[in-house]
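For reference, the chains in residue letters:
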Amino acid sequence: MTRRDKNATALVRDLLAWYSAHKRPLPWRDAPAPYRVWVGEVMSQQTTLKVAVPRFEIFVARLPDAAALAACPEDVLRRLWAGLGYYARARNLQKGARYVTDDLAGALPGTCAGWLDVPGCGPYTAAMVASMCFGERVPAVDGNVVRVASRLLGMAEGVWTKDGQARIREFAAERVRLSDAPGDFNQALMELGATVCRKARPACGSCPIASACRAREDGAADRIPQPRPRKAGVDTRVVCVVLLARGRVALARRERGFLSGTVGFPVVTEGSREARDLLDILGRIPGARIRAAQGAFRHTITHHRIHGSILVALLPARGSPRVVEAELGRALGVSDFSWSNRAGVRDALGAALDRKALDLLEAP
DNA sequence: TACCCGTGGGC
DNA sequence: TGCCCAAGGGT
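This one's a predicted model, so the numbers in the text were calculated from it and none came from an experiment. Numbers given to residues run from 1 along each chain, matching the order in which its sequence is written. All chains are assigned letters beginning with A, and all ligands numbers beginning with 1, in the order in which they are written. Only residues with pLDDT of at least 70 are given local features in this predicted model, and only at 80 or more are side-chain atom pairs given and counted; all residues enter the totals for whole chains, interfaces and linings. By convention in this description, side-chain values take in all heavy atoms of the structure and omit both hydrogens and water.

(A) Inspection of the overall build of chain A at higher detail. For chain A, the count of helices and strands is 16 helices and eight strands. In terms of overall dimensions, chain A has a C-alpha envelope of 85 × 50 × 35 Å along the principal axes. When burial is assessed residue by residue, chain A has 47% of its 364 residues classed as buried. Of the contacts made within chain A by residues no fewer than 6 positions apart, 68% connect residues no fewer than 24 positions apart. Summing over all exposed atoms, chain A offers an accessible surface of approximately 18400 Å²; the carbon and sulfur share of this is 52%. Positive charges come from Lys and Arg alone, negative charges from Asp and Glu alone, with His and the N- and C-terminal ends not counted. Throughout, a charge is located at the NZ atom of Lys, the CZ atom of Arg, the CG atom of Asp or the CD atom of Glu. Looking at charge distribution, chain A has the averaged site of its 54 positive side-chain charges lying 5 Å from that of its 36 negative ones. Only DSSP runs of H or I with at least four residues qualify as helices, and only runs of E with at least two residues qualify as strands; both kinds are numbered from the N terminus onward. Accessible area is worked out with a 1.4 Å probe on protein chains only. A residue is then buried under 20% of its type maximum, exposed over 50%, and partly exposed in between. In this description, contact between two residues means that some pair of their heavy atoms is separated by no more than 4.5 Å. Only the protein chains shown count as covering a residue, and every accessible area follows the Shrake-Rupley method with a 1.4 Å probe.

(B) Highlighting the domain arrangement of chain A. Partitioning chain A into domains gives domain 1 (3-223) and domain 2 (234-362). Computed over C-alpha atoms, the centres of domain 1 and domain 2 are 39 Å apart. The interface of domain 1 with domain 2 comprises six residues on the first partner and twelve residues on the second. A quick way to say it: buried area is the sum, across both parts, of accessible area lost when two parts are put together, with a 1.4 Å probe. Interface area, domain 1 with domain 2, both sides summed: about 670 Å², of which 41% is carbon and sulfur. Counting the surface domain 1 buries against domain 2, the share from its top three residues, Glu 74, Arg 78 and Tyr 87, is 66%. A salt bridge links Arg 79 to Asp 347, with the shortest nitrogen-to-oxygen separation between them at 3.0 Å. Any N or O atom pair separated by 3.5 Å or less is treated as a polar contact, with the protein-specific requirement of one donor-capable and one acceptor-capable atom, and with residues adjacent in sequence counted only for side-chain atom pairs. At the surface where domain 1 touches domain 2, the tally comes to six residue pairs in polar contact (both at pLDDT 80 or more). Listing elements by their share of the side of domain 1 that touches domain 2, those giving two or more residues are helix 5 (74-81) and helix 6 (87-103). Note that Gly is not counted as nonpolar here; it falls among the polar residues with everything else outside the nonpolar set of Ala, Val, Leu, Ile, Met, Phe, Trp, Tyr, Cys and Pro and the charged set of Asp, Glu, Lys and Arg. Class assignment of the residues belonging to the side of domain 1 that touches domain 2 gives a composition of two nonpolar, no polar and four charged. What marks off one domain from the next here is an automatic or database domain assignment. Counted as salt bridges are all cases of a side-chain nitrogen of Lys or Arg within 4 Å of a carboxyl oxygen of Asp or Glu.

(C) Structural view of the protein's contact with DNA strand C. For DNA strand C, the set of nearby residues contains 27 residues, the closest of which are Leu 26, Gly 120, Thr 125, Asp 142 and Arg 230. In the interface set of DNA strand C, defined as its atoms within 4 Å of the protein, sugar plus phosphate atoms amount to 72%. Among the residues forming the surface near DNA strand C, the class breakdown is nine nonpolar, ten polar and eight charged. If even one non-hydrogen atom of a residue comes within 4 Å of a molecule or strand, that residue is called near it.

(D) Region of the structure containing the side chain of Asn 186. By the secondary structure assignment, Asn 186 is in helix 11 (residues 182-195). When near neighbours in sequence (up to four residues on either side) are disregarded, Asn 186 contacts Ala 127, Met 128, Ser 131, Val 138, Pro 139, Ala 140 and Val 176.

(E) Main features of the protein's contact with DNA strand B. Residues in contact with DNA strand B amount to 22 residues; listed here are only the nearest, Tyr 86, Tyr 87, Leu 259, His 299 and Ala 352. For DNA strand B, the backbone makes up 62% of the atoms found within 4 Å of the protein, where backbone means sugar plus phosphate. Here Gln 46 contributes a backbone N or O atom positioned 2.9 Å from a base nitrogen of DNA strand B. Partitioning the surface near DNA strand B into residue classes produces nine nonpolar, nine polar and four charged.

(F) Representation of the side chain of Thr 236 within the structure. When you line up the elements, Thr 236 lands in strand 1 (residues 234-245). Discounting chain neighbours no more than four positions away, the residues touching Thr 236 are Thr 269, His 304, Arg 305, Ile 306 and His 307.

Spelled out as structure tokens, the structure:
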């Protein structure tokens, strides 16, 4: 055994010992079942465990297996996903469940490679399921692991380059191979990153593998990894369209752009062709009355700072809204109109932006 | 490959 | 209040 192997073995051992003593409870962590790990990991992507865990419990209670998820109505799934954002993940999760029921006869894959074929399941999630549930020695590299590994390796630069990412991946792969508990090892690296090897003010004094850390040796732990280059913020002005007819409010599924796939008010970018088409269509409806609601709201989606206003269109009681629906649907990129009564609107809204718009609308 | 996608919580 | 951030994957 080379000295490097020996050091790597010691690191794996020390990390696992630390994990055993310090791991936080997670509902899919102990006695991990593939479905629960899959759902739990996808729900946790790009969000915080604090937000994801309570929703996980509700989700798996309502949809305990892939068959239930595959058969789940769209609005139920939407409610189960509320507050988690990135709605494409929920749709992909269900797509994955349908892949399992339709193409795999309901049997969840038993290998990392098999999980990679599941829609919405990428290298990270596949490795988590395979290592936790099947003991497969595959590295799961998430943001925490990138931070921990880049510090251990003392990567003062290049962390975010292709080569840097490959180096980190290889680092994790070499070590998970040495472990008899690869699932625990993967989770241990992440747990260390989340609780000790934090982005800000890393607690190197509490780190079980500090002696192997190049960044700490260099006194550079708080400078590694370098912040990833950030996209510049963009200001966007949008108009939420509130169609009213016979005391009901029109909601529809947005088919493109922001919030694609979610149900809510049709939204158009201010000054866009869609906005002009909207006014044109509304203007041709006999008896329709249009007004701008007072005030505005703010909402941020990724790097977009959205300034929202509201256009209220009161449609005449006579006449079917069907024609308007079809025309507006094409012009605004929405479909499946539904008309909610006042009490039911909020519950039917699929995105935080819609709720802010409704807040403004209902404001005194 | 670079860019896209939401939200709630912390500070 | 406003900004930053967090257990990625699709395209």
